[in-house]
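Chain by chain, the residues:
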Amino acid sequence: MMPGELWALAVWLLAIALDVILGDPPSRWHPVAWMGRTLAVWERWAPTRGPGARFVYGTTACGVGVLVWGSAAGLWEVGTRRLPLLLEVLFQAVALKMTFSVRGLIQAAREVRELLAAGDLLSARRRVGYHLVSRSTDDLDTPHVVSAVVESVAENACDGFIAPAFYYVVGGLPLAYAYRFVNTADAMWGYRDAVYEWLGKAAARLDDLMNWVPARLTAVLTLLLGGRTGQWARGVHVWRRDARKTASPNAGHPMSAMAGVLGVRLEKVGHYTLGAEFPWPQVEDIDRCLSVFKRVIGLGTAVQVVALTLKGFIFAGLGFGR
């Protein structure tokens, strides 16, 4: 048996390997898709009148979802410990892989890049709207499509990798799945409009809280890996100036850091402009963005390895075995 909690390190590394080699399974087998379908059903059952009733309902739904998914992940974690070690690590790695996606994000960004390079702006708009952003993409020109891709890659470095990794270190599979449910609920309900303002308020505020540390960690990793000293200094300047320009208290951090490092202007029309002094991004900037993203994932993995190793030895020293 591995000492202390060091088995979690093998789980994490295998989960990354599964993502790189296999990517995401079909939606019918993906827990995040199940979360989404559950939230869609719960939305149909929500009270239709009264902000107070919708707030209570949405808060209760969010709490129940966190409890159910966190408990299910905890039962999976405990149950698999009765298996031979190799099967335990495999089964937990499969579950952990479902909380993050690197290969899928890279593939989606590359598909948009290829469509733009081929001059197919209409298909690129559709693809970026389907896979990467929730905003309307019908009227976006090429620079704004590229901007949407870069923004999504930067933000999902946090939501799609660093944050699940952070919560896996802190609380294992249960906390990683609790985070993934909250993030999914925020993605579906966390809008400030007549429909979702009160229904999704609890999910949005909890997502803000849970992403506070990961978003800033992602921004720091982006700045550290953005390139030469001049790019680093430029990135820090833009990050400090523009990080709070987004409605989200967290999304602006990795996005503004990426804008500064790449030296490009990122804009969601009518909402924010990051790096306003820079030129509009061009198609090739998607490749540059993905290069930074991959380095962030690499360093984030190294930090994760160190954190899990230290946690394992600390737990072993305190006598908390498996």
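Above this text sits the structure in question.
Draft legend 1. The packing of helix α5 (residues 103–117) against helix α7 (residues 142–189), seen in detail. Look at α5 against α7: their axes get within 11 Å of each other, and the N-to-C directions meet at 170°. The angle between α5 and α7 falls in the class roughly antiparallel. Facing α5, whose interface residues are Leu-105, Ala-109, Val-112 and Leu-116, α7 presents Thr-142, Val-145, Val-146, Val-149, Ser-152, Val-153 and Asn-156. The class makeup of the residues in the contact of α5 with α7 is eight nonpolar, three polar and no charged.

Draft legend 2. Spotlight on a nonpolar patch on the surface. Together, Trp-76, Leu-83, Leu-87, Leu-90, Phe-91 and Val-94 make up an exposed nonpolar region whose accessible area comes to about 470 Å². Broken down by element, the residue count for the nonpolar patch peaks at four residues, all from helix α4 (residues 85–97). Position of Val-94 among the secondary structure elements: in helix α4. Judged by its relative accessible area of 35%, Val-94 falls in the partly exposed class.

Draft legend 3. Geometry of the pattern of salt bridges. In total, this model carries 13 salt bridges according to the counting rule given. One salt bridge in this structure joins Glu-77 and Arg-81, with 4.0 Å as the shortest N-O distance. Given the relative accessible area of 11%, Glu-77 is considered buried. The shortest N-O distance in the salt bridge between Asp-242 and Lys-245 comes to 3.0 Å. Among the residues examined, Asp-242 registers a relative accessible area of 0% and is labelled buried. Through salt bridges that share partners, Arg-241, Asp-242, Lys-245 and Glu-277 make up one connected network.

Draft legend 4. Looking closely at the packing of aromatic side chains. Using the criterion set out here, one finds eleven aromatic pairs in the structure. Their ring planes at 45° and their centres at 5.3 Å tell us that Trp-12 and Phe-100 sit as a pair that is tilted. Here Trp-12, found in helix α1 (residues 7–22), pairs with Phe-100, found in the loop between α4 and α5; they are 88 residues apart in sequence, far enough to count as distant. Side by side, Trp-12 and Phe-100 carry an identical accessibility label, which is buried. Seen in terms of ring centroids, Trp-42 and Phe-181 are 6.4 Å apart; in terms of plane orientation they differ by 65°. Their pairing is edge-to-face. Here the residue Trp-42 occupies a position in helix α2 (residues 31–44), and Phe-181 occupies one in helix α7, the gap between them amounting to 139 residues. For Trp-42, a relative accessible area of 18% corresponds to the buried category. Aromatic rings pair up to connect Trp-12, Phe-100, Phe-161 and Tyr-168 into one cluster.

Draft legend 5. Quick peek at the environment of Arg-49. Its location among the elements puts Arg-49 in the loop between α2 and α3 (51–80). Taking C-alpha positions, Arg-49 is 50 Å from Trp-232, a pair spaced 183 residues apart along the chain.

Draft legend 6. Here's a closer look at α2. Under the 1.5 Å per step criterion, the end-to-end length of α2 is 20 Å for 14 residues, consistent within 8% with the ideal 20 Å. Those residues of α2 that sit buried are Pro-31, Met-35, Gly-36, Leu-39 and Trp-42. Along the long axis of α2, the arc covered by the buried residues comes to 145°, so they all point the same way.

Draft legend 7. Local environment of the nonpolar core. In terms of nonpolar packing, the biggest core is built from 84 residues, with Trp-12, Leu-96 and Tyr-168 touching the most fellow members. Setting aside its immediate chain neighbours within four residues, Trp-12 contacts Leu-96, Phe-100, Phe-161, Ala-165, Tyr-168, Thr-301, Gln-304 and Leu-308. Grouped together as the second largest cluster of nonpolar side chains are seven residues, Cys-158, Tyr-167, Val-182 and Ala-215 included.

Cut-offs used in this document
- Residues numbered from 1 in each chain as written.
- Predicted model: local features only at pLDDT ≥ 70, side-chain atom pairs only at ≥ 80, totals over all residues.
- Heavy atoms only, no water.
- Axes fitted to C-alpha atoms, helices over the stretch in contact; angles between N-to-C directions.
- Helix = DSSP H or I, 4+ residues; strand = E, 2+ residues; numbered from the N terminus.
- Parallel < 35°, antiparallel > 145°, perpendicular 65-115°, else oblique.
- Contact = heavy atoms within 4.5 Å.
- Nonpolar A, V, L, I, M, F, W, Y, C, P; charged D, E, K, R; others polar.
- Patch = residues over 30% accessible without salt bridge, like charges linked within 9 Å, V, L, I, M, F, W, Y side chains within 5 Å.
- Areas by Shrake-Rupley, 256 points an atom, 1.4 Å probe, with all protein chains shown as cover.
- Salt bridge = Lys/Arg side-chain N within 4 Å of Asp/Glu carboxyl O.
- Buried < 20%, exposed > 50% of the residue type's maximum accessible area, 1.4 Å probe, protein only.
- Phe/Tyr/Trp six-rings, centres within 6.5 Å; stacked < 30°, edge-to-face > 60°.
- Expected span 1.5 Å × (residues − 1).
- Arc of directions from axis to C-beta.
- Core = buried A, V, L, I, M, F, W, Y, C linked by side-chain atoms within 4.5 Å.

This is a description of form; function is not addressed.
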